[in-house]
Amino acid sequence: MSKAFEGIRVVDTTHVLAGPFASYQMAVLGAEVIKVESPSDPDQARMQGSDRALNDIGMGTAFMAQASNKKTVALDLTSAEGREAMKRLIATADVFVENYRPGAFDELGLGYDELSKLNPKLIYCSISAFGSNGPRREQTAYDNVIQAFSGMMAMTGHGDGRPLKSGAPVVDYATGTSAAYAIATALFQRERNGGKGQFIDVSMLEVALILTSSHLTGLLWNGKHPEQKGNTFPFATIGCYQASDVPLMIGASNLVQQRRLWTALGREDMIKTDNNQRLDAHAEEAEVLRQIISTMSADYWEKFLQTRRIPAARIRRLEEAIADEQVACRQVLQQHTNSSSVVDGLTVPVAAFNLSDSPPQITLVPQPVGAQSVEILAELGYGQQEIEALRAAGVIN
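Residues numbered from 1 in each chain as written. Predicted model: local features only at pLDDT ≥ 70, side-chain atom pairs only at ≥ 80, totals over all residues. Heavy atoms only, no water.

### Details of the overall build of the protein
The test is simple: What counts as a helix is a DSSP run of H or I of at least four residues, what counts as a strand is a run of E of at least two, and both are numbered from the N terminus. Classification of residues uses two cut-offs on accessible area relative to the type maximum, computed with a 1.4 Å probe and protein chains only: under 20% is buried, over 50% is exposed, and between them is partly exposed. Residue-level accessible areas treat just the shown protein chains as cover; the underlying method is Shrake-Rupley with a 1.4 Å probe.
The number of helices and strands found in the protein is 18 helices and 11 strands. Overall size of the protein, expressed as C-alpha extent along the three principal axes, is 85 × 50 × 40 Å. Within the span of the protein, comprising 397 residues, buried residues form 44% of the whole. When the accessible surface of the protein is totalled, it reaches about 20,200 Å², and 53% of it is carbon and sulfur.

### Section: the domain arrangement of the protein
Think of interface size as the accessible area that goes away when the parts come together; that is how it is often given. Threshold: Delimitation of the domains relies on an automatic or database domain assignment.
The domain architecture assigned to the protein consists of domain 1 (9-212 + 331-393) and domain 2 (238-321). Measuring from the centre of the C-alpha atoms in domain 1 to the corresponding centre in domain 2 gives 42 Å.

### Side note on a nonpolar patch on the surface
The line we're drawing: For patch building, the residue pool is restricted to those with more than 30% relative accessible area and no salt bridge; the joining distance is 9 Å between like charges and 5 Å between nonpolar side chains (Val, Leu, Ile, Met, Phe, Trp, Tyr). For this analysis, a salt bridge means a side-chain nitrogen from Lys or Arg found within 4 Å of a carboxyl oxygen belonging to Asp or Glu.
A cluster of nonpolar side chains, contributed by Leu-318, Ile-322 and Leu-333, occupies part of the molecular surface with about 280 Å² of accessible area. Exposure remark for Leu-333: the relative accessible area of 34% places this residue in the partly exposed category.

### What about the environment of Gly-194?
Within the secondary structure, Gly-194 sits in the loop between helix 8 (170-192) and strand 6 (199-203). Looking at Gly-194, the relative accessible area reads 79%, which means it is exposed. The spatial distance from the C-alpha of Gly-194 to the C-alpha of Gln-372 is 32 Å, given a sequence separation of 178 residues.

### Here's the deal with the packing of helix 8 against helix 9 (residues 204-211)
The condition that has to hold: Helix axes are fitted to C-alpha atoms over the stretch in contact, other axes to C-alpha atoms as well, and angles between N-to-C directions run from 0 to 180 degrees. Oblique is the label for every angle not falling under 35 degrees (roughly parallel), over 145 degrees (roughly antiparallel), or within 65 to 115 degrees (roughly perpendicular). By the convention used here, residues are in contact when the closest approach between their heavy atoms is within 4.5 Å. Basically, the charged four are Asp, Glu, Lys and Arg, the nonpolar ten are Ala, Val, Leu, Ile, Met, Phe, Trp, Tyr, Cys and Pro, and anything else, Gly included, counts as polar.
Look at helix 8 against helix 9: their axes get within 9 Å of each other, and the N-to-C directions meet at 100°. In this view, helix 8 runs roughly perpendicular relative to helix 9, as classed from their interaxial angle. Here Val-170, Val-171, Asp-172, Ala-174, Thr-175 and Ser-178 of helix 8 come into contact with helix 9, specifically with Met-204, Val-207, Ala-208 and Leu-211. For the contact of helix 8 with helix 9, the class distribution of residues is 7 nonpolar, 2 polar and 1 charged.

### Details of the sheet that holds strand 9 (residues 312-314)
Pairing between sheet strands relies on hydrogen bonds along the backbone, with the strands arranged either parallel or antiparallel. Note the threshold: At least two DSSP bridges between two strands are required for those strands to pair.
Pairing is antiparallel across the open sheet formed by 3 strands, whose spatial order is 7-8-9. The open sheet terminates on both sides in strands that have one partner only, identified here as strand 7 (238-242) and strand 9. Taking each pair of neighbouring strands and ignoring which way they run, the sheet shows an average axis angle of 15°. Along the sheet, helix 13 (residues 282-293) contacts strand 7 and strand 8 (247-251); its crossing angle with strand 7, the most-contacted strand, is approximately 40°.

### Quick notes on unusual backbone geometry
Of note, Val-16 is a non-glycine position whose phi angle comes to about 70°, a positive value. Within the secondary structure, Val-16 sits in the loop between strand 1 (9-12) and helix 1 (18-27). Phi is positive for Arg-309, which is not a glycine, with a value near 60°. Inspection of the secondary structure puts Arg-309 in the loop between helix 14 (298-306) and strand 9.

### Things to note about the pattern of salt bridges
Under the defined criterion, the tally for this structure stands at 23 salt bridges. With its nearest N and O atoms 2.8 Å apart, the salt bridge here joins Asp-269 to Arg-267. On the basis of relative accessible area, Asp-269 is assigned to the exposed category, the value being 54%. We note a salt bridge from Arg-290 to Glu-287, for which the minimum N-O separation is 3.1 Å. In this pair, Arg-290 and Glu-287 both sit in helix 13, 3 residues apart, roughly one turn of the helix. Here Glu-287 falls in the partly exposed class, since its relative accessible area comes to 35%. Taken together, the shared-partner salt bridges in this structure form one network comprising Arg-9, Glu-32, Lys-71, Glu-375 and Glu-379.

### Regarding the packing of aromatic side chains
Two aromatic rings are characterised by how far apart their centres lie and by the angle between their planes. Defined as follows: Aromatic pairs are defined between Phe, Tyr and Trp rings, using the six-membered ring for Trp, whenever the two ring centres lie within 6.5 Å; interplanar angles under 30 degrees are classed as stacked, those over 60 as edge-to-face, and all others as tilted. Whether a charge sits over a ring depends on NZ of Lys or CZ of Arg being within 6 Å of the ring centre and within 35 degrees of the ring normal.
Considering all chains together, one arrives at 12 aromatic pairs under this definition. Look at Phe-96 and Phe-105: their rings are 5.7 Å apart centre to centre, the planes differ by 65°, and that puts the pair in the edge-to-face class. Take Phe-96 and Phe-105: they sit in the same class, and that class is buried. Centroid distance Tyr-300 to Trp-301: 5.1 Å. Interplanar angle 75°. Geometry classified as edge-to-face. Relative accessible area serves as the criterion here: at 34%, Tyr-300 is assigned to the partly exposed category. A connected cluster of aromatic rings, assembled from ring pairs, spans Phe-96, Tyr-100, Phe-105, Tyr-112, Tyr-124 and Phe-199. The ring of Tyr-382 has Arg-88 lying over it, and the distance from NZ or CZ to the ring centre is 4.0 Å. Against the face of Phe-235 rests Arg-278, its NZ or CZ located 4.0 Å from the ring centre.

Listed below in structure tokens is the structure:
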């Protein structure tokens, strides 16, 4: 079967995480993604990650996590020659993705208005911290800054007033996912409206607000601000309790599940018939659960509760989570096997879903800066002498 995005060409000028992850999601589903970087100032994520030796050669794990299946071209877009090459490339593209300061590409003559004249079918996706309009449009930010600005950090913590960011860059990944979804939507719409492209404006701040939807809605309804609660939930039957060895998270959320929980624990007297009763009895229920859970290991309780259809899991470190046989059978992690590559054996996550006819798949290892520059320029009609002249001028590497 053909891949979902087979035949779709994506030109990706993004850097760091959110933008590259958006194009990566398309790449693992068959799109031809061409990553364009500056030959003198490539994606900063190349120099970041857990292996300093790889950072030194521009293949940091922070970069490689979302670099598979992408060709790379090095172009100096501050030069007239580099911009001309980019325009030739855009003329062949279906999608263009950038995540620089709003207006930066307009100043280069590579904004949506100009590129859509060159290629009316182009879907132009702009990802930025605060969006392409508004008083903060030119401000820049990363995941941690948006977590701070959006209110997400203020509501995260143990109630001691010290805000916490999420351990993973959730705003970046959610922004990349949102952008990929928006691009897929625009491609679908293009098929229905005669092939016309459009401009996509993705704001990291708005993604963060979407991630806090239930809290935001409550605040706007009755002014109740979401405060830090650590691992405590409105109902005591949802929460983290210390077992005899390590913590256990219980998720007996609804009335049926809380009935199952109290019945399984032999405490039918604690069963409630409505949620208001549960709210009022939080302190009492939490104390009962603390005493019971502390008597056995977290592994015991996880198996005990799960077999009775009560959601529960002991707290795991990442290395244990990915070693679980459930992860192995789902193929969310895939390994590159290319003995000629410096990153032979690299394992990366691909996508959080599967398609029965065209599953996500990695086929090309992450590439060094500009690895396909000559190949792509030749395809665009540049002769060997022209390519050598561009290299001599520093337009390509």
